[in-house]
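Summary of the model geometry
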Amino acid sequence: MGKVTNQAGRGNTPPRLSLERFLTWLRRHPEFGAFAGTVVVFIGFSITATRFLTPDSFAGILTVAAELGIVAAGITFLMISGEFDLSVGSVLGVAAMIFALTVKAGWPVLGSWIVALLASASIGLINGLIVTKTGIPSFITTLGAMMFWRGILLAVTKGFPIQFFPKTMPPMFFALNGRFVGQFRTSALWFLGIVLLINLILVRTRYGNAVYATGGNRDAARVLGVTTDRVKLINFVISAVLAGLAGCIQFARFLSIDPTRGVGLELEAIAAAVIGGTLLTGGAGNLVGTLFGVLLVGMVRSGLVQSGAPAYWYQAFVGLIVVVAVIVNTRLRRWALG
Amino acid sequence: MSDQPLVQMVKISKSFGTVQALKDVDFDVRRQEVMGLVGDNGAGKSTLIKILTGVYPPDSGEIYFEGKKVKVSSPKDARDLGIETVYQDLALIPLMSISRNFFLGREPVKQFGPVRLLDKRKMDETVKEVLAEIGIRVRSPDEEVAILSGGERQSVAIGRAVYFGAKLLILDEPTSALSIRETHKVLDYILEAKGRGLSIVFITHNIYHVYSVADRFTILEHGSKVAEFSKGEVSAEEIIEIIRSGHQVATDNNGGKS
């Protein structure tokens, strides 16, 4: 990830105590905590779970992490601009349902996919408009949206799952979530591409600067000429579209969708972002942190099962990690700022 | 008039609901002068400035910039005209790096095919130069603004305005949260900006701070202009007395001024 070269390679500063330099570096790289946590958990499970160090096991972790990660990437982007989206789990369900119903009705798969993403974008746009035009906190707005769209989903399907068993698998399904090497799925490539793209936008574009500024201090950003409402609106749409994409990808894996798909996902995604160093209050964070955050969550999920622990422990473990990660990140930050 | 003011605000009025914040206020700033805008809390100083910088639209009144009538409907409009504002708490964004703050909204970019990416090298080098000029020492322009003191933040924000070729610099309470030593640094830096040809509006409660650097003063009270003085005509104590009593006790100087 270029961490080590970054740390050593700032040639134009005079040599100083290496600890001090490391702290300075750490302050600017909160994702390091998630990286370290990932390494620790990885080593732990390598010892406790016998089949953990196998390609199939890695593929299993990636499959879980990629689908969660695509949602978490959008959430991270939105959280950095200072807003939440609790409706992503419902959006994922709605998008997957639209995708499933239209494909089943014989639509071309590409067309169905685009319609599902457009529907997601519309939900994101509505969320964003409500938040920016009325000033209602996004926590409330998207809590309402989460319940509303979940309710619509349940009402339309009457609670029954929808299945799709084609005679030949459409190529679009392979593109979305097929196995390309062994048990490794293309969803991991989608996730990686999205992480790289959003991180590039954040770190190296004007828009990225506007996103950090909007979340860091909205009033200051506004008087400095950043159109903060527009930034938020765009990020709400991106967050929803990525949730919808994750829904389509998940449907391409299961070939079935039940109307409770994605329940609780919003909190897992926020947890992954927070583990990765994204501030709940906005203004700081990055996608590399979220990448390690979802890997950590994915590893915990399959590692616990492989270690023979009952699956119930998964939530407790993730909860623990979130709190520890935030405490460590906050302490480190305060310590480093002196 | 040969010496045309840089900014002229004519008969500006503004109400918020039933509260009249400004009543027919005239305000002007000449070229390369420091104008002290003073008055008690709620006198209308901030409202007047927010109208000039496009945060609020006025209910009535006109604004002239460099002799031309202008409509300032957003902070970006103001910036494009060359009006740069440094707010006390909103000068910089603490969580962002110094160089990202410095160039916020005006980042230099390099074209790579269809995409434009930030020119990080240019950003960092410019910021290093500006920081060296101001006399702020940091390890790297990549450092967060959070490590800078209040005075350093004000100075960086002023340096930014100068760098981007502002013609009018508006400072909203730039010294109110600063130590004595830092206050003097910022006041020196204001004079330096003036020396480079900028006009400055200095909004404050602290008459002694503004008195040492201002050329003229405009005193607001309950949304109206109660007095306007050149520095030679009035002492700091007299200005304080006018603000304290809420009306002008000395002779009316307005006639020959504008």
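**Some remarks on the sheet that holds strand β10 (residues 199-204) of chain B**
Residues and elements named next belong to chain B. Judged by pairing direction, the sheet is mixed, and its six strands sit side by side in the order β6-β9-β10-β3-β11-β12 without closing on themselves. Taken across any chain shown, the strands that pair with only one partner, and hence form the sheet edges, are β6 (83-87) and β12 (224-230). Within the sheet, the average angular offset between the axes of one strand and its neighbour, ignoring direction, is 15°. Across four bridges, the pairing between strand β3 (residues 34-38) and strand β11 (residues 216-221) is parallel. Bridging across to β11, G36 finds its partner in F217. Strand contacts of helix α5 (residues 150-163): β6 and β9 (168-172), with the helix running at about 175° to β6, the strand carrying the most contacts.

**A closer look at the nonpolar core**
Taken as a class, soluble globular proteins show a tendency for nonpolar side chains to be buried jointly. In this structure, I70, V71, A95 and C248 of chain A together with V201 and F202 of chain B are the most contacted members of the largest nonpolar core, which totals 173 residues. Here the element with the most residues in this core is helix α12 (residues 228-254) of chain A; it accounts for 16 residues. Counting contributing residues, this core receives three or more from each of domain 1 (7-92 + 150-245) and domain 2 (94-147) of chain B. The residues touching C248 of chain A, leaving out its near neighbours within four places in the chain, are A95, A96, F99, W113, A116 and L176 of chain A.

**Focus on helix α3 (residues 31-48) of chain A**
Over its 18 residues, α3 of chain A extends 26 Å from the first C-alpha to the last, a length consistent with the 26 Å expected when each residue adds 1.5 Å. By the burial criterion, the buried members of α3 of chain A are E31, F32, G33, A34, F35, G37, T38 and F45 of chain A.

**Quick notes on unusual backbone geometry**
Residues and elements named next belong to chain B. Although it is not a glycine, K11 sits at a positive phi angle of roughly 50°. Within the element layout of this structure, K11 appears in strand β1 (residues 7-16). Backbone geometry places E173, a non-glycine residue, at a positive phi of 50°. For E173, the position within the fold is in the loop between β9 and α6 (180-195).

**Some points on the sheet that holds strand β4 (residues 60-65) of chain B**
All names here are of chain B. Strand order in the open sheet formed by four strands is β2-β1-β4-β5, with antiparallel pairing between adjacent strands. In this open sheet, the two edge strands, each paired with only one partner strand, are β2 (19-29) and β5 (68-70). Direction aside, neighbouring strands of the sheet carry axes that sit 30° apart on average. Strand direction decides the pairing type here: β1 and β2, joined by seven bridges, are antiparallel. If you follow F16 over to β2, its bridge partner there is V19.

**What about the domain arrangement of chain B?**
Residue and element names in this part refer to chain B. In terms of domain boundaries, chain B breaks down into domain 1 (7-92 + 150-245) and domain 2 (94-147). Taking the mean C-alpha position of each, domain 1 and domain 2 sit 27 Å from one another. Of all the elements, α5 adds the most residues to the side of domain 1 that touches domain 2, at seven residues. Classifying every residue of the side of domain 1 that touches domain 2 by side-chain character gives five nonpolar, two polar and three charged.

**Overview of the packing of helix α5 (residues 88-104) of chain A against α12 of chain A**
All names here are of chain A. Closest axis-to-axis distance for the α5/α12 pair is 7 Å, and the angle between their directions is 50°. Relative to α12, α5 is oriented oblique. You can see that α5 and α12 cross each other, and the crossing is right-handed. Residues V88, V91, L92, G93, A95, A96, F99 and A100 of α5 form the contact with α12, whose participating residues are S239, A240, A243, G244, A246, G247, C248, Q250 and F251. Across the contact of α5 with α12, the residue classes tally to twelve nonpolar, five polar and no charged.

**Here we look at the pairing of β6 of chain B**
Residues and elements named next belong to chain B. With five of five residues buried, β6 lies mostly within the body of the structure. Residues I83, T85 and Y87 point to one face of β6 and E84 and V86 to the other, with burial holding for every one of them. Where β6 and β9 come together, five bridges link them in parallel fashion. Looking at the pairing, T85 lines up with I170 of β9.

About the cut-offs
- Residues numbered from 1 in each chain as written.
- Chains lettered and ligands numbered in written order.
- Predicted model: local features only at pLDDT ≥ 70, side-chain atom pairs only at ≥ 80, totals over all residues.
- Pairing = 2+ DSSP bridges.
- Helix = DSSP H or I, 4+ residues; strand = E, 2+ residues; numbered from the N terminus.
- Axes fitted to C-alpha atoms, helices over the stretch in contact; angles between N-to-C directions.
- Contact = placed C-beta atoms within 7 Å.
- Core = buried A, V, L, I, M, F, W, Y, C linked by C-beta atoms within 7 Å.
- Buried ≥ 20, exposed ≤ 12 C-beta atoms within 10 Å, placed from the backbone.
- Domains from an automatic or database assignment.
- Expected span 1.5 Å × (residues − 1).
- Nonpolar A, V, L, I, M, F, W, Y, C, P; charged D, E, K, R; others polar.
- Parallel < 35°, antiparallel > 145°, perpendicular 65-115°, else oblique.
- Left-handed = near helix turned anticlockwise from the far one by under 90°.

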